[in-house]
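Secondary and tertiary structure notes
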Amino acid sequence: MPPFNLTSSTPATFVLAGIPGMEKSHIWISIPFCSMYLAALLGNGALLFVVSTERSLHQPMYLLLSMLAVTDLMLSTTTVPKMLALFWFSAGEISFGACLTQVFFLHFSFSAESVILMAMAFDRFVAICYPLRYAAVLTQSAIVKTGLVVLLRSFCIIFPCVFLLKRLPFCGHNIILHTYCEHMGIARLACADISVNIVYGLAVPFAAGVLDVVLIAVSYVLILQALFKLPSRTARCKAFNTCVSHVCVIFLFYIPAFFTILTHRFGQKIPHHVHILLANLYVLFPPLLNPIVYGVRMRQIKEKFMKVFLCSSVHFLKE
């Protein structure tokens, strides 16, 4: 029997089926999804604008927050526009190359955001446990190096997934029961052994995420120990308040992400449309809520936001 010709057995296009069993509700589902996406664009765009225009916010914590906003924009923009095109115009076709590109940037965004949250936990650890050394440790050079680590680690973890998918023959199977392309959703269409894809797709990104969570937990254990040593309750509350926003963002990101990963692999009893809805909310909720959490909790962001946009409004009215 001749070997597979991988070129000929690779489909020219895939077809995204949307949410199985809820096709008649696609238009109604698209309304909250589109609203959340536009709000995420507005919130993260405003956050990036305020941090970039206010020199007083060019500090490690706010630069890391800007990285988080860029990653959130990448996460939602990679998936939501195509999802809305599917819901509105039944434009489910996507080329094989575009599908792999979507897979790469989707999983890259998850890995990058995880590293950034870990870096933000280290920022809080140094600020609370070693405040006198904060300026010396978290320099602009250190932030640039952190950004390079985010890019390099995420690329090294996710790029092999593209090759693991490209090596697979598909034998005419090209309908993806999802609203966007993701690694295992494509791999399951192959007419070949996908054991390597299953192991790598679950073990490597999951292990990296778990490692980040462990390091974040260690940072907060040390932070709590330092807080309990502070002499006054007021000082403890003030120091802890600087961590509340970060803790909220951690829960908003990791809980739906790990729940989606685990239910997608092991939750066979959960209806398929529930899997898809959860996966869609995973790419919408963190980008939507992160700027809201930081905007509400951080006084500097609120003050600078009002200052920048009031000045812009006054300048516009004068013209």
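These numbers were taken from a predicted model, which means no experiment stands behind them.

1. A closer look at the environment of L64
For L64, the location among the structural elements is in helix 2 (residues 60-89). When the C-alpha positions of L64 and M120 are compared, they lie 6.6 Å apart, and in sequence the two are 56 residues distant. Beyond its immediate sequence surroundings of up to four residues, L64 is in contact with I116, A119, M120, D123, I143 and T146.

2. Considerations on the sheet that holds strand 1 (residues 13-16)
One open sheet accounts for 3 strands, arranged 2-1-3; its pairing is mixed. This sheet does not close on itself; its edge strands, each paired only once, are strand 2 (93-95) and strand 3 (175-176). Relative to strand 2, strand 1 runs antiparallel, the two being bridged by 3 bridges. Paired with T13 across the bridge in strand 2 is S95. Sheet strands touched by helix 3 (residues 96-129): strand 1, strand 2 and strand 3. Its angle to strand 2, the strand with the most contacts, is close to 85 degrees.

3. What to know about the packing of helix 3 against helix 5 (residues 140-166)
Helix 5 packs onto helix 3 with a crossing angle of 145 degrees between their chain directions and a minimal axis gap of 8 Å. The handedness of the crossing between helix 3 and helix 5 comes out as right-handed. In this structure, helix 3 contributes F96, L100, V103, F104, H107, F108, S111, A112, S114, V115, I116 and A119 to the contact, and helix 5 contributes T146, V150, L151, R153, S154, F155, I157, I158, F159, V162, L165 and K166. Its residues assigned to classes, the contact of helix 3 with helix 5 shows 17 nonpolar, 5 polar and 2 charged.

4. Brief notes about the UniProt feature "transmembrane region" (unreviewed entry) in the protein
Following the UniProt record, the feature "transmembrane region" (unreviewed entry) maps to residues 27-50, 86-108, 115-136, 142-165, 209-228, 240-262 and 274-296 here. Helix makes up 100% of residues 240-262 and strand 0%, whereas the separation of the span's terminal C-alpha atoms amounts to 32 Å.

5. Quick notes on the packing of aromatic side chains
One pass over the full model with this rule turns up 16 aromatic pairs. The interplanar angle of 40 degrees and the centroid separation of 6.2 Å between the aromatic rings of F33 and F87 together place this pair among those described as tilted. Taken together, the positions of F33 in helix 1 (residues 26-53) and F87 in helix 2 put the pair 54 residues apart, joining distant regions of the chain. A residue is classified by how much of its surface remains accessible, and F87, at 4% relative accessible area, is buried. Aromatic rings pair up to connect F104, F105, F108, F155, F159 and F163 into one cluster.

6. Description of the pattern of salt bridges
Under the defined criterion, the tally for this structure stands at 2 salt bridges. With its nearest N and O atoms 2.8 Å apart, the salt bridge here joins R124 to D123. Since its relative accessible area comes to 8%, R124 is described here as buried. For D123, a relative accessible area of 1% corresponds to the buried category. Residue D212 is joined to R153 by a salt bridge in which the shortest nitrogen-to-oxygen separation is 2.9 Å. With D212 in helix 7 (residues 195-228) and R153 in helix 5, this pair connects stretches of sequence that are 59 residues apart. For R153, a relative accessible area of 21% puts it in the partly exposed group.

Calculation criteria
- Residues numbered from 1 in each chain as written.
- Predicted model: local features only at pLDDT ≥ 70, side-chain atom pairs only at ≥ 80, totals over all residues.
- Heavy atoms only, no water.
- Helix = DSSP H or I, 4+ residues; strand = E, 2+ residues; numbered from the N terminus.
- Contact = heavy atoms within 4.5 Å.
- Pairing = 2+ DSSP bridges.
- Axes fitted to C-alpha atoms, helices over the stretch in contact; angles between N-to-C directions.
- Left-handed = near helix turned anticlockwise from the far one by under 90°.
- Nonpolar A, V, L, I, M, F, W, Y, C, P; charged D, E, K, R; others polar.
- UniProt positions renumbered as here; feature names shortened; annotations may be inferred.
- Phe/Tyr/Trp six-rings, centres within 6.5 Å; stacked < 30°, edge-to-face > 60°.
- Buried < 20%, exposed > 50% of the residue type's maximum accessible area, 1.4 Å probe, protein only.
- Salt bridge = Lys/Arg side-chain N within 4 Å of Asp/Glu carboxyl O.

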